[in-house]
Amino acid sequence: MYGSHTGQRRRVFGAASVVAALLMLTGCFSSPGDSKPEDEAPPTPRQQPKAMAPFWVNPDGKAARQVATFGKDGKTSDADLLRKISEQPVAEWIGVEDPRGEARGFTEAAAKADREALLVLYNIPHRDCGNYSKGGAADGNAYRAWLDGVIEGIGDRATTVILEPDALPHIEDKCTPQQFHEERYALLTEAVDKLKKLPRTKVYLDAGNPHWIKDPGRMVEPLKRAGIDRADGFALNISNYQTTEENKKYGKQLSAMVGGKHFVIDTSRNGNGPAPGGDDPENWCNPPGRALGTPPTVKTGDPLVDAYLWIKRPGESDGTCKGGPKAGEWWPKYALELARNAQ
């Protein structure tokens, strides 16, 4: 899971659940053992209007499967609620076992639907110095090999990449030990350079949120050392609940300090803002009463905000807190709450 031991934010390592995804002729994905009977029609993708949200909707995602299960069980109202998630494009987190196959599968399916893939790369060495998703690649060379697989998988297909959530904010909040800083900057710089050599790939570096690194000026040097000048911009609020307005204010201040770079905001769960309690270190983990935020769109009404995205996958647990399953596991109860509370 993605996050900070300080509790300022957490992320679920959702891609770990995507094991060697295979592109089917229908443009859908199945994991081994998930094959459908020959007489069962595959799900029909319901893509959002391209002008509003050009990103691919995975018709075989966890929310879509849950909708199908609710339907079979006669729980039509629950199925209807969850369509608020299943019919929106959410990011696909690339796993560690088959980065080339997953990246290729997702981007080919998106291209077939005339949409753009939205991928998260989250495998930097010494990842997440908190409790839930710590780890990452064994060393720099292992990371480079993994990244090269992702790049081969993406190829010339339209893709937006959110690069290494937590990696830079954890340098700035001193959670990541000093001895790993230089390697991290080098790996992120290489990643930006390699990804931007692809003809149709956009890259956004993570820059935290306004309740984690409260002074945006503290993120300037980390972003510059990681290659923000060559990236398309930065990402805010990943897996957190801070309001869109607060993130926009923070993002504009930071943008002015890094050459006017654009940014994207994760609105997947910020519909009701953060949980009461301000910066309580427990507020990142499955807080009750939260809601889906603005659906993914590139029509933000702000020239600096490239998109509102669902980077965190709504309905996946933050960890074993407040009754939740392990980080990254699908939690129907929480998914329903997020959908029910949405405006």
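Since this is a predicted model, take the numbers as computed values, not measurements. (Residues numbered from 1 in each chain as written. Predicted model: local features only at pLDDT ≥ 70, side-chain atom pairs only at ≥ 80, totals over all residues. Heavy atoms only, no water.)

Colleague: I'd like a rundown of empty space enclosed by the protein, residues and numbers included.
Modeller: Where empty space is left in the structure can be found by rolling a water-sized probe over the atoms. Evaluated as defined, the whole model comprises 3 cavities of 30 Å³ or more. When its volume is computed, the largest cavity comes out at roughly 140 Å³. Lining the largest cavity are 15 residues, with Gly 61, Lys 62, Ala 63, Val 90 and Arg 313 positioned closest to its centre. Of all elements in the fold, only helix H1 (62-72) and helix H2 (76-86) reach the threshold of two or more residues within the lining of the largest cavity. With 3 residues, H1 is the largest single contributor of residues to the lining of the largest cavity. A class-by-class count of the residues in the lining of the largest cavity yields 7 nonpolar, 4 polar and 4 charged. (1 Å grid on protein atoms, 1.4 Å probe; cavity = no way out; pocket = protein on both sides within 12 Å on 5 of 7 lines; lining within 4 Å. Points joined across faces, edges and corners; volume = space filled by probe spheres on them. Helix = DSSP H or I, 4+ residues; strand = E, 2+ residues; numbered from the N terminus. Nonpolar A, V, L, I, M, F, W, Y, C, P; charged D, E, K, R; others polar.)

Colleague: Run through the environment of Tyr 250, naming residues and quoting values.
Modeller: With respect to the helices, strands and loops of the structure, Tyr 250 is situated in helix H8 (residues 244-257). Excluding residues that lie within four positions of it along the chain, Tyr 250 makes contacts with Ala 207, Asn 209, Pro 210, Ile 213, Lys 214, Asp 215, Pro 216, Met 219 and Leu 236. A distance of 3.0 Å separates a polar side-chain atom of Tyr 250 from the backbone oxygen of Ile 213. (Contact = heavy atoms within 4.5 Å. Polar contact = N/O pair within 3.5 Å; in protein donor to acceptor, adjacent residues only side chain to side chain.)

Colleague: So, the environment of Gly 140: which residues are in play, and what are the values?
Modeller: Tracing the backbone shows Gly 140 in helix H4 (residues 140-154). Through-space distance from the C-alpha of Gly 140 to that of Leu 187 is 7.0 Å; in sequence the pair is 47 residues apart. Each residue touching Gly 140, except ones within four places of it in the same chain, is listed here: Pro 125, Glu 183 and Leu 187.

Colleague: Outline the environment of Gly 217, supporting the account with residue identities and numerical values.
Modeller: Within the secondary structure, Gly 217 is located in the loop between strand S8 (201-206) and helix H7 (220-225). Overall, the relative accessible area of 30% leaves Gly 217 in the partly exposed class. Along the backbone, Gly 217 and Gln 253 are 36 residues apart, and their C-alpha atoms lie at a distance of 8.2 Å. (Buried < 20%, exposed > 50% of the residue type's maximum accessible area, 1.4 Å probe, protein only.)

Nothing here speaks to function; it is all geometry.
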